[in-house]
Amino acid sequence: MKWDWIFFDADETLFTFDSFSGLQRMFLDYSVTFTAEDFQDYQAVNKPLWVDYQNGAITSLQLQHQRFDSWAERLNVPPGELNDAFMNAMAEICAPLPGAVSLLNALQGKVRMGIITNGFTSLQQTRLERTGLRDHFDLLIISEQVGVAKPDARIFDYALAQAGNPPRSRVLMVGDTAESDIRGGVNAGLATCWLNAHQRELPADLEPDWTVTSLSELTIFPLFFSFKLETTFSLKSFLNILELLSLFIHVKLHLSVSIKIVLYSFGLKFLISSSL
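Attention here is on the structure that accompanies the text. Everything numeric in this text was worked out from a predicted model, so none of it was measured.

Calculation rules
- Residues numbered from 1 in each chain as written.
- Predicted model: local features only at pLDDT ≥ 70, side-chain atom pairs only at ≥ 80, totals over all residues.
- Heavy atoms only, no water.
- Core = buried A, V, L, I, M, F, W, Y, C linked by side-chain atoms within 4.5 Å.
- Buried < 20%, exposed > 50% of the residue type's maximum accessible area, 1.4 Å probe, protein only.
- Helix = DSSP H or I, 4+ residues; strand = E, 2+ residues; numbered from the N terminus.
- Polar contact = N/O pair within 3.5 Å; in protein donor to acceptor, adjacent residues only side chain to side chain.
- Contact = heavy atoms within 4.5 Å.
- Pairing = 2+ DSSP bridges.
- Right-handed = clockwise from strand over helix to strand, strands pointing away.
- Salt bridge = Lys/Arg side-chain N within 4 Å of Asp/Glu carboxyl O.

1. Brief notes about the nonpolar core
Counting residues in hydrophobic clusters, the biggest one holds 28 residues, and the most contacted among them are Ile6, Phe8, Leu14, Phe137 and Leu172. Elements supplying a minimum of two residues to this core: β1 (5-8), α6 (100-107), β2 (112-117), β3 (139-142), β4 (171-175), β5 (191-195), β6 (210-212) and α11 (215-218). Among the elements that take part in this core, α6 stands out by supplying four residues, more than any other. With 25 residues, the next largest nonpolar core counts Tyr53, Phe86, Ala89 and Met90 among its residues.

And the structure:
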């Protein structure tokens, strides 16, 4: 195993985070039919608040309250009550993303794992317990408890200190949000893997070490292992082989040359070891 530690983001990296469904579920308790238009209005407030929180301009409590201020006024309830109801609703509908459980099972016992999340304490801990995944992780690092959020390098420094200060060259950060997970990992001097399931555009100044489109890819791709990929070939050069490929095949040639072929989201790479 190439890594001593692998840190994962939580929301939309390991777990679904369908905030629209959560809000619909929560507002039913207040006899409100929460519409797609209501969600757009909510996100117009919520998204800038998250940027401010990640930049250290506001606290987690301010974020959680301010995003519900208008609804609190309309319903005549405290914004904190609405936020608590939302967190409870999200915990009830949470589920691991496809490939998450199989990936964590494959890695368990081979590498130490942790979570570094900008999510909130009440949801993160409850969700891990409900999904039965708590025992897979040696560390759960929550920005609300640390006092700084990704991409600030200090939350990664804190996580590494809790991990016993392993060599940073042997620590990998996996996450779906380029601006917090990948930028934060780069800021901390870690290797990074961007989970880009929704084909988002990468900021021009960021370059993750790996990009994948699903967690399932990580269970078969060789980024978790210690061998080096010696030679890079163009996709065009092997069009005749592509018909035989799914994601990973191993071919033995009669010349005693072993070729491992891996189809990445960014092209084909080959490891060739010859016994001629």
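2. Things to note about the side chain of Thr13
Structurally, the position occupied by Thr13 is in the loop between β1 and α1 (19-28). Only 3.0 Å separates the side chain of Thr13 from the side chain of Asp176, close enough to count as a polar contact. Leaving out residues up to four positions away in the same chain, Thr13 has contacts with Phe8, Leu97, Val174, Gly175, Asp176, Leu195 and Leu215.

3. What about the pairing of β5?
Within β5, five of the five residues are buried, which leaves it mostly tucked inside the rest of the structure. Side chains Ala191, Cys193 and Leu195 project from β5 onto one buried face, and the interleaved Thr192 and Trp194 project onto a second face that is buried too. Strand direction decides the pairing type here: β4 and β5, joined by four bridges, are parallel. Within β5, the position partnered with Gly175 by the bridge is Trp194. Read as a crossover between parallel neighbours, the route from β4 over helix α10 (residues 178-187) to β5 is right-handed. For β5 and β6, the ladder comprises three bridges, and the chain directions are parallel. Bridging from a neighbouring strand, Leu195 pairs with Val212 of β6.

4. Quick notes on the pattern of salt bridges
Under the counting rule described, the total for this entry stands at ten salt bridges. Here Asp4 ties to Arg170 by a salt bridge, and the two come within 2.9 Å at their closest N and O atoms. Highlighted residues: Asp4 in the segment before β1 and Arg170 in the loop between α9 (153-162) and β4, separated in sequence by 166 residues. When its relative accessible area of 29% is taken as the criterion, Arg170 is described as partly exposed.

5. Some details on unusual backbone geometry
Glycine aside, the phi torsion of most residues is negative, and most peptide linkages are trans. Cis rather than trans, the peptide bond between Lys150 and Pro151 has omega equal to 15 degrees. Along the chain, the position of Pro151 falls in the loop between α8 (143-146) and α9. In this structure, Ser31 takes a positive phi of about 60 degrees despite not being glycine. Take Ser31: it is sitting in the loop between α1 and α2 (36-54). On the basis of relative accessibility, which here comes to 74%, the residue Ser31 falls in the exposed class.

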